[in-house]
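# Report on the structure
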Amino acid sequence: MMRSDLEVFILAGGKSRRMGSEKGLVNFHGEPMIVRILKVLEKLDLPVRIISSNSDYLEFGTPVYQDLIPDKGPLGGLYTALEISSAPKIILLACDMPSINIEALHKLIEMSNSEELIVATDGKTISPFFACYPNSIKADVKRAILEDKLKMLDFIYNHPHKILNLIAVGEREVLQNLNTMKELNEAENNIK
């Protein structure tokens, strides 16, 4: 794929009720989770943007955009990313997945040559937040939002998609998202 074919968006707009504070700004091994992700993304040399209504994310030097249709959850974030992007495809990531690595991203990019959605699995569930979405679905995303059909997995299952099995390529921890301080502490203790 050419560099201009792909842009990366990090969703950092959740309510963070279970964490108790803004998830992407919570420290993981001494730095905000989103910083860990941004450092990995630097290796890709792709445009990166953050979707959030929290202006604190501006301190990282990455453009930050608010949802174009507020309060519609991750699907609203996906719509915002597709609307902002000038690329044919976007990679969508979550700010609370600090184990994202360059190898897994390369696998996702390798699969992104098709017109289908590409979503990753850890062998148990699929993740809409380590995924590649073609811009061609933008109208469908907007329609789902307007109809208040906001579940990301329902949207994915209703569209042609391929699954990247991260377990099969040895990337077991990539999809681990940290929603509570307990999960964060356990993850920090498990990393060597």
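A brief report on the enclosed structure follows. (Residues numbered from 1 in each chain as written. Predicted model: local features only at pLDDT ≥ 70, side-chain atom pairs only at ≥ 80, totals over all residues. Heavy atoms only, no water.)

A word on the nonpolar core. Among the nonpolar cores identified, the biggest contains 34 residues, and Ile10, Ile34, Leu41, Leu93, Ile100 and Phe130 are the most heavily contacted of them. Of all elements in the fold, only strand 1 (6-11), helix 1 (33-42), strand 4 (48-51), strand 6 (89-94), helix 3 (102-111), strand 7 (117-121) and strand 8 (126-134) reach the threshold of two or more residues within this core. Leaving out residues up to four positions away in the same chain, Ile100 has contacts with Ile37, Val40, Leu93, Ala94, Leu105, Phe130 and Val174. Core analysis: the second largest hydrophobic core is formed by 23 residues, Ala81, Ile90, Met152 and Phe155 among them. (Core = buried A, V, L, I, M, F, W, Y, C linked by side-chain atoms within 4.5 Å. Buried < 20%, exposed > 50% of the residue type's maximum accessible area, 1.4 Å probe, protein only. Helix = DSSP H or I, 4+ residues; strand = E, 2+ residues; numbered from the N terminus. Contact = heavy atoms within 4.5 Å.)

With respect to the helices, strands and loops of the structure, Asn185 is situated in helix 6 (residues 181-190). Considered as a pair, Asn185 and His29 are 156 residues apart in the sequence and their alpha carbons are 9.6 Å apart.

Right, let's get into helix 3. Along helix 3, the positions that sit buried rather than exposed are Ile102, Ala104, Leu105, Leu108 and Ile109. Viewed along the axis of helix 3, the buried residues span an arc of 160°, placing them on a single side of the element. Check the buried side of helix 3 and you find it contacts strand 1, helix 1, strand 6, strand 7, strand 8 and strand 9 (161-165). Its side-chain oxygen at 3.1 Å from the backbone nitrogen of Glu103, Asn101 defines the N-terminal cap of helix 3. (Arc of directions from axis to C-beta. Polar contact = N/O pair within 3.5 Å; in protein donor to acceptor, adjacent residues only side chain to side chain.)

Bringing the packing of helix 2 (residues 73-84) against helix 4 (residues 138-146) into the picture now. One can describe the packing of helix 2 onto helix 4 by two numbers: an axis separation of 9 Å at closest approach and a directional angle of 145°. Between helix 2 and helix 4 the crossing geometry is left-handed. The segment helix 2 lies against helix 4, with Leu75, Gly76, Leu78, Tyr79, Leu82 and Glu83 engaging Lys138, Val141, Lys142, Ala144 and Ile145. Looking at the contact of helix 2 with helix 4 residue by residue, the class counts come to 7 nonpolar, 1 polar and 3 charged. (Axes fitted to C-alpha atoms, helices over the stretch in contact; angles between N-to-C directions. Left-handed = near helix turned anticlockwise from the far one by under 90°. Nonpolar A, V, L, I, M, F, W, Y, C, P; charged D, E, K, R; others polar.)

Now for the pairing of strand 7. Of all 5 residues that make up strand 7, 5 are buried, and the element is covered over most of its length. Where strand 7 lies against strand 9, 5 bridges are found, and the strand directions are parallel. When the sheet's bridge partners are listed, Val119 is paired in strand 9 with Ile163. Both strand 7 and strand 8 contribute to a ladder of 4 bridges, which runs antiparallel. Bridge pairing in strand 8 places Thr121 opposite Ile126. The antiparallel pairing of strand 7 with strand 8 creates a hairpin that spans 4 residues between the two strands, and Gly123 there sits at a positive phi of about 95°. (Pairing = 2+ DSSP bridges.)

Looking now at the sheet that holds strand 6. Reading across the sheet, the 7 strands line up as 5-4-1-6-8-7-9 and stay open at both edges, with mixed pairing between neighbours. Each of the sheet's edge strands pairs with one partner strand only, and the pair in question is strand 5 (64-65) and strand 9. Pairing of strand 4 with strand 5 involves 2 bridges; the strand directions are parallel. If you follow Ile50 over to strand 5, its bridge partner there is Val64. Packed onto the sheet, helix 1 meets strand 1, strand 4 and strand 6 and runs at close to 170° relative to strand 1.

None of this, on its own, says anything about what the molecule does.
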